[in-house]
Each structure stands twice: as C-alpha cells, then as structure tokens.
Amino acid sequence: MAGSLQTYHDKRDFGKTPEPKGKVSRKKGNLYMVQKHDATRLHFDFRLELDGVLKSWAVTKGPSLDPSVKRLAVRTEDHPVDYGDFEGVIPSGYGAGTVMLWDTGSWEPQEDPHEGLKKGSLKVTLKGERLKGGFALVRMKNKKGEKRENWLLIKERDGTENEDLDPVKEWPDSVKTGRGFDGIEKKGPTLKEAQTETKRRKDGEKKTASKSSPKSSSKSSARLPAFIEPQLATLDDEPPQGEEWLHEIKYDGYRLIACWAEGRAKLYTRSGKDWTDKYPAIAEALATLPGTGVIDGELVAINDQGHSDFGALQQATKSGDQARLIYYAFDLLKHGRKDWRKQAQDARKDALADLLDGVKDPIRYSDHVVGKGDDVIGKACQMGLEGIISKRADARYQSKRTRAWIKSKCTGNDEFVIGGYRKSDKKGRPFASLLLGEYVDGDLVYRGRVGTGFSEDLMASLSAKMKKLERKTPPFADMPADAKRGAVFLTPDLVGQIAYTEVTSDGHLRHPSFLGLREDKPAKEVTSEKEKMKEAEPAKSSADRSSGDTVAGVKLSSPDKVLYPDQDVTKRDLAEYYAEIAEQMLPHIKDRPVSLVRCPSGRTGSCFFQKHHNAGTPDHMGSVTITEKDGDKGDYLLLGSQKALVSAAQIGALELHIWGARRDNIEKPDRIVFDLDPDEGKDFEDVKKAARDIRDLLAAADLQSFPILTGGKGVHVVIPVERQHDWATVKGFASGFAKRLAQEDPSRFTATMSKAKRKGKIFIDWLRNERGATAICPYSTRARKDAPVATPLTWDELSRASSGADYTLANIRQRLAQLKSDPWADYATVRQSLHKGLLDELLD
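- Going by the annotation in an unreviewed UniProt entry, the name recorded for the protein chain is DNA ligase (ATP), with Aquisalinus luteolus given as the source organism.
- Of the protein chain, the UniProt comment under Catalytic activity (unreviewed entry) reads exactly: "ATP + (deoxyribonucleotide)n-3'-hydroxyl + 5'-phospho-(deoxyribonucleotide)m = (deoxyribonucleotide)n+m + AMP + diphosphate."
- According to UniProt, the comment filed for the protein chain under the heading Cofactor (unreviewed entry) is "Mn(2+)".

1. Considerations on helix α14 (residues 642-650)
Moving on, step 1. Counting buried residues in α14 gives 7 out of 9 residues, a clear majority hidden from the surface.
Moving on, step 2. Next to the buried residues of α14 lie β29 (550-551), β30 (554-555), α13 (571-589) and β37 (653-658).
Moving on, step 3. The first or second residue beyond α14 is Gly-652, which carries a positive phi of 75 degrees.

2. Notes on unusual backbone geometry
Moving on, step 1. Cis geometry marks the peptide bond from Asp-361 to Pro-362, where omega comes out at 15 degrees.
Moving on, step 2. On the secondary structure map, Pro-362 appears in the loop between α8 (345-355) and β17 (363-365).
Moving on, step 3. Look at Ala-787: it is not a glycine, yet its phi comes out positive at around 55 degrees.
Moving on, step 4. Tracing the backbone shows Ala-787 in the loop between β43 (775-776) and β44 (791-792).

3. Concerning the sheet that holds strand β10 (residues 232-235)
Moving on, step 1. With respect to topology, 5 strands assemble into an open sheet ordered β10-β20-β19-β11-β18, the strand pairing being mixed. Each end of this open sheet is capped by a strand with a single partner; those strands are β10 and β18 (369-370).
Moving on, step 2. Here strand β11 (residues 245-249) pairs with strand β19 (residues 387-392) via 5 bridges, running antiparallel. If you follow His-247 over to β19, its bridge partner there is Ser-390.
Moving on, step 3. Contacting β11, β19 and β20 (401-409), α8 crosses the sheet at an angle of about 50 degrees to β11.

4. Examining the packing of α13 against α14
Any two packed helices are characterised by the angle at which their axes cross and by the distance between the axes.
Moving on, step 1. Interaxial distance between α13 and α14 falls to 8 Å at its minimum, and their mutual angle equals 140 degrees. By the angle class used here, α13 and α14 are oblique. Regarding α13 and α14, the two cross each other, and that crossing is right-handed. Across from Lys-571, Leu-574, Ala-575, Tyr-578, Ala-579, Ala-582, Met-585, Leu-586 and Ile-589 in α13, the residues of α14 making contact are Gln-642, Leu-645, Val-646, Ala-649 and Gln-650.

5. Quick look at the pairing of strand β12 (residues 254-261)
Moving on, step 1. When you tally the buried positions in β12, you get 8 out of 8 residues, the bulk of the element.
Moving on, step 2. Burial of the side chains of β12 extends over both faces: Tyr-254, Leu-256, Ala-258 and Trp-260 are buried on one face and Arg-255, Ile-257, Cys-259 and Ala-261 on the other.
Moving on, step 3. Across 8 bridges, the pairing between β12 and strand β14 (residues 292-301) is antiparallel. Residue pairing in the sheet places Ala-258 in a bridge with Ile-295 of β14.
Moving on, step 4. Pairing analysis gives 6 bridges linking β12 to strand β13 (residues 264-269), with the strands arranged antiparallel. Counted as the bridge partner of Leu-256 is Thr-269 from β13.
Moving on, step 5. Count of turn residues in the β12/β13 antiparallel hairpin: 2 residues, of which Glu-262 carries a positive phi of about 40 degrees.

Criteria and thresholds
- Residues numbered from 1 in each chain as written.
- Predicted model: local features only at pLDDT ≥ 70, side-chain atom pairs only at ≥ 80, totals over all residues.
- Heavy atoms only, no water.
- UniProt positions renumbered as here; feature names shortened; annotations may be inferred.
- Buried < 20%, exposed > 50% of the residue type's maximum accessible area, 1.4 Å probe, protein only.
- Helix = DSSP H or I, 4+ residues; strand = E, 2+ residues; numbered from the N terminus.
- Contact = heavy atoms within 4.5 Å.
- Pairing = 2+ DSSP bridges.
- Axes fitted to C-alpha atoms, helices over the stretch in contact; angles between N-to-C directions.
- Parallel < 35°, antiparallel > 145°, perpendicular 65-115°, else oblique.
- Left-handed = near helix turned anticlockwise from the far one by under 90°.

Set out below in structure tokens:
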C-alpha cells in the first residue's frame, strides 16, 4: 500500500516555493515530526511517516500534554518524507508563511495503523525530542456539507502526561536550529538553497557546512543538539576523601551549557535561556569544534591575579568587552551520536580533554586532581579562590542535584533573593541596603541586609529594576520588626550574588558584600544549602541508580519529617494520601482558587494561610489572576492535578480551602455553604438535627443539599447551584436564609458571629458565601489532633456519625474501600438555581 503526493504537487509551484518536491519513498520508515507554521493562522502540522509519505494533520492550537484537553486536528494532504526536516519561508500562494521544525523523532503504532485510519481511531506512541508517550487521533463526525476531515489529538494517560506544562509555551523555538520565526525568516532556506539541497540529496553528496562562524548556520545540514539540564553540586563542610574523587577549581561565573553543530553554536544558562547573543566570541570559538556535541562549563572573567571575578564578568557583559572572558569546559555530555552522560565521570573528562586538545582561548579545559581533597581545598583557600568541586570518578551525569558532586567553599559566596530595600537619607543614593532571603520549604526566609559593594552605576541600574517590582506586603514568611521599619518591599524576582564571612546563629549573613545580579538563575531556585542537601541524591556509580523519595513523580524534601506528632504521620504519608485521594478530590478542587493552611514544622508548629501564587510555589501548582477588593490584581493558587495535591503536601499544607466559584467565571458562584458551628458544650446530635432541618427547608424550596463532616466540631451543608447569580445575590440569599432560621428558632440558632450571642446555640455561618471566602475542600486533611479528614457523607450516614471528626488519616482508606458508591454521586448532575420567588422572600 503506497501513499499519494498528487494533491501535494497540484497545490504548489516548485519554481517559487523552497518546499521539497519529493516523491513517494520506497523505504519503510517511522519518522514523526511537528512543524510550527506561521501561515494565515498559526498552527502546528503533525506528521507521521506511513506508506512512503507523511500523513498530516493541522493542529490549530498545538499539542497538549493534558489528557483532558482535546485539540482539533484537521486532516491535510500527504507530504513527501523529504519534508520531514524542512524549515524556511513559503512565499505568497498556498501555505504562505514561515515553517519551523518544532519537534522530531520516531513513532510506533499501538495497533494496525491502516485500520486505525480507516475506522477513525489511530493510537500511536511518540518518541520525539519534546513529545513522548501515547497519543490518540480520533476522527469526528462531519457536519452536513462539511468536506474536511476533522480529528481530535488527545494525550493518553500513561505516565508521560503533564497537566501543568503547556508544550507550546515551554518550547517556542525550533528543535532543529533553536531559532524563532524571525531567525528563520532572516536565515532561510531560500528557494535556491532548497534546490541545491535537493540536488545534493539526489546525488548522494555529503552535506557540508562552513565551520568559520555561527553565521553560516543556514548552510549547515547538521541538527543542533538540544539543551540539557545541568547537574548540580551539594555543599559540604569539607571535600570527600579517597582516590575515587576528582577535585576541580570552583569558578565564580555563569554556568553555561554549550551546544554546537558544524559551524554554529548555542549557549544556554542553567535554566535553558539562550545567551548566545550575549557572548558571540565564545559561541564562535565553540562553533569550530568538530562534529556535533554538548559541553558543560563555566563562563568567567579573569582578573589581574588570574582568578575568576564575578563583578568583572558582569562589567564585561554590559560593556561588550569580552577580551578577558574564558569558557572553562569541565564535562562532555554528547559528541556525535554518542551520549556520554551514561559513562563514568573520569571517562567523560578523558574524552573532553582529547576533544579540546590544541584548542586555544577563549575555550579552556578544566583540569582536576585525583584524591587528596584536604590538600586541594587548602591550596585553593591560600590562593584566595572561592573553593573546589569534588566529583565521584565512577558516577554518570545526572540532570539534578546529587551528592556525586560536592562543593566545598573557602568563604561564603552565594545567591540570595532580593525581597526589598531600605531607603537612604543620603542625597543621590536611591537605597541604603537590600533585604535578602532564600527559600526554605517554599517560604522566603529573611537572611539580613547588604549595604556595600555598589557602584553609582550599579545602584542606578538596580533602583530602576526594583521600582517596577514594588509591592505593599513583605514577601518574606517572617522577619524581625526592626527589618520592616522603613522598608520598601519587592516582588521577589531579582537574585544577587553575595560574598560574606559567615552565617550567624539566627541565620543572618555577617559582613555581606554585593557582587552583582544573577540574571541566569530564577529566584525560586535560590534555596538554602540545607534544602539543597535534603534534595540531593547520594553519590551513585553507573550501576546504582535509585530514584529517591518521590510520590506520583513529585520529589519530596525531608519525606520523613513528622507533620502529625501524635499519629507519627510524616510528609511522605500525607503525600501518599493525596496521591491516592486525587481521583475523588479533584472534581471538587480543580479550577477553584485555593487557600492553604501551611504548617512547615507540623501541626504543633507555627501555621499560616497562603492564597497567592509566588516565586516559591511548586511548579505543579497553577494560578489564576483575580482583581482584589482594593483594585490590585493577585495571582491565586490552583491545584488541578494529582502532582499539585502532592506538591501541597511537600510544602506542609495540612488544609486545602476552596472558593465557591471556578476560574472561568469567577464572579458567578456554583456552590453555597452553610457551616454549622456549635458552641462549646453543644452535643453533636444537636448539630446533626440542625443539618437535617436545613436540608428539609432547602428541599421545600426545591434545593438539593449534601452534608460533609468538616473534620472539626461541625457539619457543612453544601448546595450546588447553576452559575446564574453574582456574589452579592448568593450572599444575600445565604444571609437571609440563616437569619430567618435564627428568628424562627432563636433558642437553637444564631446568625451572628458574636461569641456572646452564640452561647448555647449553633452558629449558622453564612459568611463563606461572599467573594474571596473559602470552605474546606472535601477529603482535605485538617491541622488538628488525630489528623481528621473532611469527609462527604450521605444523609443516612450523617445520622450515624458521632462527631465532625469521625474520619482521620488512620481510617479514611478503610471507609473508601468499603463504599459501594460515591456518597455525593449525584452532586455533579444536580441542576438547580435560586428562583425569583425564593430570592424575593429571602434576599437580605
């Protein structure tokens, strides 16, 4: 069975377009690629090689890694296999616009692909550089008169899905060249180059490219390797001993991953930012290396003493004077077709030394000493160097923090987040000092102030940057009262490199001095060294590759930290509970703004509310921007996946409270909550009877309700409603209902929060129904003794409950295992609203 390219040929004038003409291939292949096409409407062309051609679909919004998202994929004409690496500009006419190779790799069918195309359900496994795992293409029924084939592209749940990562935003540029649309438009290929390349392919000539400069990239046929996330070192008081360790100088510069291919090169920061344009001389030198490859190294500026100098590096970057810049290469990750990351550290360095033999400045090989760690650190400190990095000789390369790499320092020199500044009383000086912090368990912890090390130009530059980040509230979780006085607080986006002599007993820096801004590192990655040590895996040889403490793919720091001392419940226990309960919990919490009660030191330690998304928020948690009462906009937390729930446990969130509205219509609530809060001494039987009475009154008004044990003293009665009314209307109804009930039975109920008026009564708390108010989420734990869980019940089950905290982490699993059906099975299907007669009667 062979494909056809007749339609493809009929639609194109190959005397004008650089697209390959191509023909049906006789070779059997399994190429996969996605091309991002900036045509009349931006779309992504999804292509699979089958029967000698590329079967093609135009995905209007691009692929998604969220299985709940279905992307429209319009079937288009078959394309030649030669189209698989095409990147260039299509002139006016059919398909006019710029084409970028966005992803490439191979694919495997999960069943007979011909049958799948015929019946309209094609399931495939992708092995791309960006998209991996199972995807399904499902054909939709055509509407009357519709000729095009509409399909849906859907990610399968197979462990490779990721609801929190948007691949379109994560990878905006070419997987082939790293260029954006502008770069492709400037650098081709032109029609002439495309025709030349076609002739080369037909003649079987080798593809060649100039190695003189990265500027010749349009003529190179070799694909630039993709960015690789770097391995990170863990701080220790002294270097490890033994002949199995290699020791290198610790450089004070910018960590850069260098990727090169036949005459061009790219430089990436540790977080994946493209900094090639900042250091063209370094890129040009790296582009002369043979073949293709990826190197890990550090860019430094050399001072008069021959040492790396971070301040000089910043000055050289700003001025463009790169004469004193050196790129020290210390690890080989890829070369040609070989992935060196799987090899031992000493083998990688031997190969790197061979590769760089004879290469001159500004590229240098970073040499090492085997063993004698104490001697090496001693000499480094005598020379005034920052310290050393020790690397286990038999360990493979891992893109994370491990104890296979250990850093030992002579003096303090670290990154800190800038969370504010103190105003200066000196004329012309924009600030007196900067307020510094670092993240611990997700909180920005105050580490003191730095007031030295600033030139006039640096102060002016910093002041301009900080002006844009000013905010009303401190970003620090806690800070001394004297530090707050006269402070201007900032959104914690800026990172400073700080030298200091030591850290005091209260965690503050002694004699700090500002060295420069770290533009290569996101603020949320600036964590304390203790935190890094918690996260670091032990040193492993290539034969020892355990995955560490993870739950549902989320890395836990201090997994054995006890959060509920009386029950000996650890962070790992809580994370595993949230991973297990996610299926039941997500329908209630997904897409709703969430407030967390966080207790980083456990239930008996200090706890605090967090409702805003900030720089320290785990990556799996989302956000929604909401206009607050004062008119400011705030980014509120969203927990929309199993990983997000587990991440909540990772940062010590013992309670999850939800809004009564969802993100897509935040001004129209879809649930009403009455919280029955009994006065001390009231029997729980009274609470249950009150809940049933409220149920009956609501039923008389044609409103179905559902009970939930709160995990505390009381019960919530929850009413799902259609999103027809605003907050004022819903709040007015809830207030009127509660006050009417209190008026009719004042001996039992009160609708007033005043403690004096609540004595001996049950407070019907209707205040949870105003904008910004929250209620405990079903199946959330509570920060209370016995680790109780807010548990949905049927009304029959409520009659048998003995307290609002009947269910805990100790017995909730047993309850769920014994259930024959969801106690709130009807909740999602209820369609009811507050009708006009009811509102006229009860609107407060």
